[in-house]
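Fold and geometry: a report
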Amino acid sequence: MNYTRRRFISTMGVGTVFLSFPGIAKLPQSLSPDRKKLGIALVGLGNYATYQLAPALQETTHCYLSGIVTGTPTKKEIWKKKYNIPEKNIYNYENFDEIASNESIDVIYVVLPNSMHHEFTIRAAKAGKHVFCEKPMALSVKECEEMIAACKKAGVRLFIGYRLHTEPYHRAAMQFRTSGDSGILYVQSEFGFKIGDPDQWRLKKSLAGGGAMMDLGIYAIQAARYSIGKEPVAVTAQEFKSDPIKFNEVDESMTWQMEFPDGHISNSYTSYSTPANRLYISADRRWFNLFPAYNYRGIKGSTSEGDLDLPQINQQAVQMDTFSKCIFDGTKSDASGEEGLKDLKVIEAIFKSVKNGTKVEV
Ligand code: NAD
């Protein structure tokens, strides 16, 4: 196996990622046939929207920044000027539902604290708009199911902001198991960083739903699931706290082991205290390693056959273009609401395992 740049391009085109997706309205009602780009409204103008998504939307081919939803009047003026957003495409959280009649907005991108994903996805669906929703999809399996049902009922598409599903090094991780003899796979995935401000919403259970697990552990779950290519059947998890005051509401650090069908296993770690950033896959006489694995830029990889040399992409631009293309073409995405739901099932099992001190079936 040799993951050269050329091999990646020839074997991992969009055609290998997306399947035909019949039975869903191809285009939003507002989209006339001559429209080439979907209009996206960002909801929640915090760090991710400001420093990643809005700049990425200046580089996209199939979508553009057409509107914003914000509760902060000063941000409204800055964004309006910077991105030339017409007044009629600017909303706040109270008049958000009026977006239904705005023909320049086809997609609502929910970039709010985790606890608000459920409400705004459902409101967006009721307004007849497609939804891109940030990870974690919601706080519980029940909320995810309600979001999927609302989008289905409204005939709109739902995608989760899994930016690594379209990232070349992670596409290579997904293909590793089928690119040679695999035997029983062992995956080690870990993602953590040291979190600052003790007053931020990420440390409040009502807004975040959990701590490091909800925010960063979800990447390690994702990586194990797509490296092994199967769904875990059981998890055993452990929680560690070095600062019970700062982390009195949410988890600080966790380790967990997942058991998959056919004997494959993973061991993972997440933390808000200790940096960690790796994906390692061990197969029969072969291995695959990403370090750092989850950054926006500069992912590096190597395998038992040598260093990986794959394209560095603008992850957010490619993610939004790929979702938009799925809407235009009526094709399926592997970063759907159903995919977000699968992670929440695992996360609920992890929290239950910590609480009960036992192995929990997923
Ligand atoms: P942030 O704190 O920087 O921004 C949150 C935004 O929500 C702010 O504009 C804030 O004004 C608004 N808001 C509305 N009601 C609020 C409330 N009650 N409390 C706090 N803020 C409120 O957060 P962020 O880093 O931009 O994260 C937003 C979402 O994006 C999260 O779900 C996060 O998991 C996700 N995210 C994803 C990635 C990724 O790589 N896919 C990266 C960063 C964040």
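Here is what the cut-offs are and how they apply
- Residues numbered from 1 in each chain as written.
- Predicted model: local features only at pLDDT ≥ 70, side-chain atom pairs only at ≥ 80, totals over all residues.
- Heavy atoms only, no water.
- Phe/Tyr/Trp six-rings, centres within 6.5 Å; stacked < 30°, edge-to-face > 60°.
- Helix = DSSP H or I, 4+ residues; strand = E, 2+ residues; numbered from the N terminus.
- Buried < 20%, exposed > 50% of the residue type's maximum accessible area, 1.4 Å probe, protein only.
- Lys NZ or Arg CZ within 6 Å of the ring centre and 35° of its normal.
- Axes fitted to C-alpha atoms, helices over the stretch in contact; angles between N-to-C directions.
- Left-handed = near helix turned anticlockwise from the far one by under 90°.
- Contact = heavy atoms within 4.5 Å.
- Nonpolar A, V, L, I, M, F, W, Y, C, P; charged D, E, K, R; others polar.
- Near = heavy atom within 4 Å.
- Polar contact = N/O pair within 3.5 Å; in protein donor to acceptor, adjacent residues only side chain to side chain.
- Areas by Shrake-Rupley, 256 points an atom, 1.4 Å probe, with all protein chains shown as cover.
- Salt bridge = Lys/Arg side-chain N within 4 Å of Asp/Glu carboxyl O.

Take the packing of aromatic side chains next. Inspection of every chain in the model, using the stated rule, returns 14 aromatic pairs. Ring centres of Phe159 and Phe323 lie 4.7 Å apart, and the angle between their planes is 20°; this geometry places the pair in the stacked category. In this pair, Phe159 is assigned in strand β6 (residues 158-160) and Phe323 in helix α10 (residues 315-329), connecting sequence segments 164 residues apart. The pair formed by Phe159 and Phe323 is uniform in burial state, with each residue classed as buried. Ring pairing ties together the aromatic residues Tyr109, Phe132, Phe159 and Phe323, which thus form one cluster. For Arg286, the ring lying beneath its charged end belongs to Phe176, and the centroid distance is 4.1 Å.

Where helix α3 (residues 47-56) contacts α10, the two axes come as close as 8 Å, and the packing angle between them is 65°. As α3 packs across α10, the resulting crossing turns out to be right-handed. Of the residues in α10, those in contact with Tyr48, Gln52, Leu53 and Ala56 of α3 are Gln316, Ala317 and Met320. Taken together, the residues that form the contact of α3 with α10 break down as 5 nonpolar, 2 polar and no charged.

The next point concerns the site of the ligand. Around the ligand, a shell composed of 23 residues is seen, among which Asn47, Asn114, Lys135, Arg163 and Trp201 lie nearest. For the ligand, an oxygen atom lies 3.0 Å from a polar atom in the backbone of Gly46. In the environment of the ligand, a nitrogen atom lies 2.9 Å from a nitrogen or oxygen atom belonging to the side chain of Glu134. Relative to its unbound accessible surface of 840 Å², the ligand loses 80% to contact with the protein. Elements supplying a minimum of two residues to the shell around the ligand: α3 and α9 (212-228). The residue inventory of the shell around the ligand, partitioned by class, reads 11 nonpolar, 6 polar and 6 charged.

With that out of the way, let us pick up the side chain of Thr60. Checked against the element boundaries, Thr60 lands in the loop between α3 and β2 (63-69). One polar contact links the side chain of Thr60 to the main-chain carbonyl oxygen of Leu57, over a distance of 3.1 Å. Contacts of Thr60, omitting those with residues within four sequence positions, involve Lys37, Ala317, Met320 and Asp321.

Tallying each qualifying case throughout the model produces 17 salt bridges. Arg278 is paired through a salt bridge with Glu190; the nearest N and O atoms lie 3.8 Å apart. Here Glu190 lies in strand β7 (residues 186-192) and Arg278 lies in strand β11 (residues 276-283), a separation of 88 residues in the sequence. What makes Arg278 partly exposed here is its relative accessible area of 23%. For Asp262, the salt bridge is made with Lys230, and the minimal N-O distance between the two is 3.2 Å. Here Lys230 lies in the loop between α9 and β8 (234-240) and Asp262 lies in the loop between β9 (253-259) and β10 (265-271), a separation of 32 residues in the sequence. Here Asp262 falls in the exposed class, since its relative accessible area comes to 55%. Classification of Lys230 by relative accessible area gives partly exposed; the value is 29%. What you see here is one network of salt bridges that share partners, running through Arg225, Glu231, Glu339 and Asp343.

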